[in-house]
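# Summary of structural features
Single-letter residue listing:
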Amino acid sequence: MTKIYIVIYTTYGHVFKMAEKVKEGVDAVDGCEATIYQVPETLPAEVLEKMHAPPKPDVPIITANELKEADGILFGVPTRFGMIPAQMKAFLDSTGGLWQSGALVGKPAGIFFSTATQGGGQETTALTFVTQLAHHGMIFVPTGYISPAEQFNMEEIIAGSAYGAGTFAGADGSRMPSAGELNRALAQGKSFSAVAKKLSS
């Protein structure tokens, strides 16, 4: 069985909603199974309360060492000024031992994301994330244009890019992923797991 880990950080639930659809896509591929994990929170509870952040999803918190067990890893993140949030960066900074031992070399990895606005980092977040993967020797697997119905649609706003699926949360966080964005997440789960399955066979 090809094991895909979906490793996320989510504040308001947008990334988790996308992750659930990504998991559905992975699980639809014969011989593949996905598990959703979250990275540790670094903000104090009182700060999260002032931010009106809802409770975290009921999924396990991952440790750096557990990444070795995955055949492929999809990272889901909100964007902070065009880059990954500090919580995900702190988690990746804890993977120094894996880097030193080369434990993640050759593992496929991908990314999906949420931004508040159009032009808010749908591409730069992925591009700057690739440096993390490169130092680990991981294989970046973008989506390309696997979802033409959504990616060529000019009639409605659908987030994402060639680098991965995405969603727009709105400046106040009130917008949840649309049907088109969830379709892209589903497609990414399917396409990524197919690649990971080939590489792990």
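Residues numbered from 1 in each chain as written. Predicted model: local features only at pLDDT ≥ 70, side-chain atom pairs only at ≥ 80, totals over all residues. Heavy atoms only, no water.

Once that is clear, we can look at unusual backbone geometry. Of note in this structure, His52 is not a glycine but carries a positive phi near 60°. Position of His52 relative to the elements: it lies in the loop between α2 (45-50) and β3 (72-78). Residue classification places His52 among the exposed positions, given a relative accessible area of 68%. (Helix = DSSP H or I, 4+ residues; strand = E, 2+ residues; numbered from the N terminus. Buried < 20%, exposed > 50% of the residue type's maximum accessible area, 1.4 Å probe, protein only.)

How two aromatic rings sit relative to each other is set out by the distance from centre to centre and by the angle between their planes. According to the stated counting rule, one finds three aromatic pairs in the structure shown. For the ring pair Tyr145 and Phe152, a centre distance of 5.6 Å and an interplane angle of 25° mean the geometry is stacked. Judged by relative accessible area, Tyr145 falls into the exposed class, the value being 52%. (Phe/Tyr/Trp six-rings, centres within 6.5 Å; stacked < 30°, edge-to-face > 60°.)

Within the largest apolar cluster, 25 residues are counted, with the highest numbers of intra-cluster contacts made by Val7, Ile62, Leu67, Phe75, Met88, Phe91 and Phe129. Among residues more than four places away in sequence, those in contact with Met88 are Val7, Ile8, Tyr9, Val39, Phe75, Gly76, Val77 and Phe129. Formed by 22 residues, the second largest nonpolar core is a distinct cluster that contains Met18, Leu74, Phe112 and Phe192. (Core = buried A, V, L, I, M, F, W, Y, C linked by side-chain atoms within 4.5 Å. Contact = heavy atoms within 4.5 Å.)

What follows concerns the pattern of salt bridges. Across all of its chains, the model carries five salt bridges by this definition. Between Lys56 and Glu41 there is a salt bridge, with the nearest N and O atoms lying 2.8 Å from each other. Here Glu41 lies in the loop between β2 (32-38) and α2 and Lys56 lies in the loop between α2 and β3, a separation of 15 residues in the sequence. For Lys56, a relative accessible area of 31% gives the class partly exposed. For Glu41, a relative accessible area of 25% gives the class partly exposed. Salt-bridge contacts for Glu181 lead to Arg175; the nearest nitrogen and oxygen are separated by 3.0 Å. Accessibility expressed as a relative area gives 0% for Glu181, which makes it buried. (Salt bridge = Lys/Arg side-chain N within 4 Å of Asp/Glu carboxyl O.)

From the geometry alone we can't say anything about function, so treat these as descriptive.
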